[in-house]
Amino acid sequence: MQDYEYGRIGQLAKKLEQFEIDESIIEQIMAGGETIRKNATPQKKAQWLKGAMDRMDTLLDESTRRAVRESCACCLGGKRLEISKQIAKTNATLEDRIKAANEAKFVFGNSVTMEDNGKIVVSFFPEGLEKYRCVCLPKASEPVSVTYCYCCGGHAKHHLQIALDKKLTCKVRSSALSSEGKQPCTFEFSINE
């Protein structure tokens, strides 16, 4: 495997390989990634990652893109993991666990709610802000595919599955990156029965 100095690019390459994506497709997706250094400007990193997501959108089916990006999630251990386990341990019902997850801002951002249709929604920002900013790619200068956002979706899914003791499917509802800051980062989760 090619060496990538910048961690997020290296992580993407590693996950593409773990999902046994054809080597020629990985090479196309990762084209130029080796030239992005740790000390590259945030704008340059964002531009390369935008291009990689565009290439993924073209070369991979949706379920594969989601799975690869969800597996790139960070912040899966430590205090967040402890909090998620504690939610499951100390709350008996799904409703109580969702309420506790909603109160765990350190893990889930702004809110965790359940809609009447049974969908669980995690929002990292409150509604009504003038502008939303992606904390992962704050210097993106143009819309980035929601494919990128499944990394954060994977973070929320990981902890929510532990907190709720349920297997979940993630869907990006809205994204600060794809909407150029006009919409918050919001993820919808369905319980896999």
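Calculation rules
Residues numbered from 1 in each chain as written. Predicted model: local features only at pLDDT ≥ 70, side-chain atom pairs only at ≥ 80, totals over all residues. Heavy atoms only, no water. Buried < 20%, exposed > 50% of the residue type's maximum accessible area, 1.4 Å probe, protein only. Helix = DSSP H or I, 4+ residues; strand = E, 2+ residues; numbered from the N terminus. Pairing = 2+ DSSP bridges. Salt bridge = Lys/Arg side-chain N within 4 Å of Asp/Glu carboxyl O.

Peer 1: So, the pairing of strand β2 (residues 120-123): which residues are in play, and what are the values?
Peer 2: Along β2, one buried face is formed by Ile120 and Val122 and the opposite face, lined by Val121 and Ser123, is buried too. Note that strand β1 (residues 111-114) and β2 share four bridges and pair antiparallel. Paired with Val112 across the two strands is Val122, which belongs to β2. Between the antiparallel neighbours β1 and β2 lie five residues, among them Gly118 with a positive phi of about 90 degrees. Where β2 and strand β4 (residues 186-191) come together, four bridges link them in antiparallel fashion. Residue pairing for β4: Ile120 is matched across the bridge by Phe189.

Peer 1: So what's going on with the pattern of salt bridges? Residues and values would help.
Peer 2: Close approach of charged atoms lets side chains of opposite charge pair. Tallied over the entire structure, the rule returns seven salt bridges. Between Asp54 and Lys50 there is a salt bridge, with its nearest N and O atoms 2.7 Å apart. With Asp54 and Lys50 both in helix α3 (residues 42-59) and four residues apart, this pair spans about one turn of that helix. On the basis of relative accessibility, which here comes to 13%, the residue Lys50 falls in the buried class. For Arg173, the salt bridge identified is with Glu188, shortest N-O distance 2.9 Å. Placement of the pair is Arg173 in strand β3 (residues 168-174) and Glu188 in strand β4, with a sequence separation of 15 residues. According to the relative accessible area criterion, Arg173 is partly exposed, its value standing at 38%. Salt bridges sharing partners connect three or more residues here, namely Glu115, Arg173 and Glu188.

The analysis is restricted to geometry; functional conclusions fall outside its scope.
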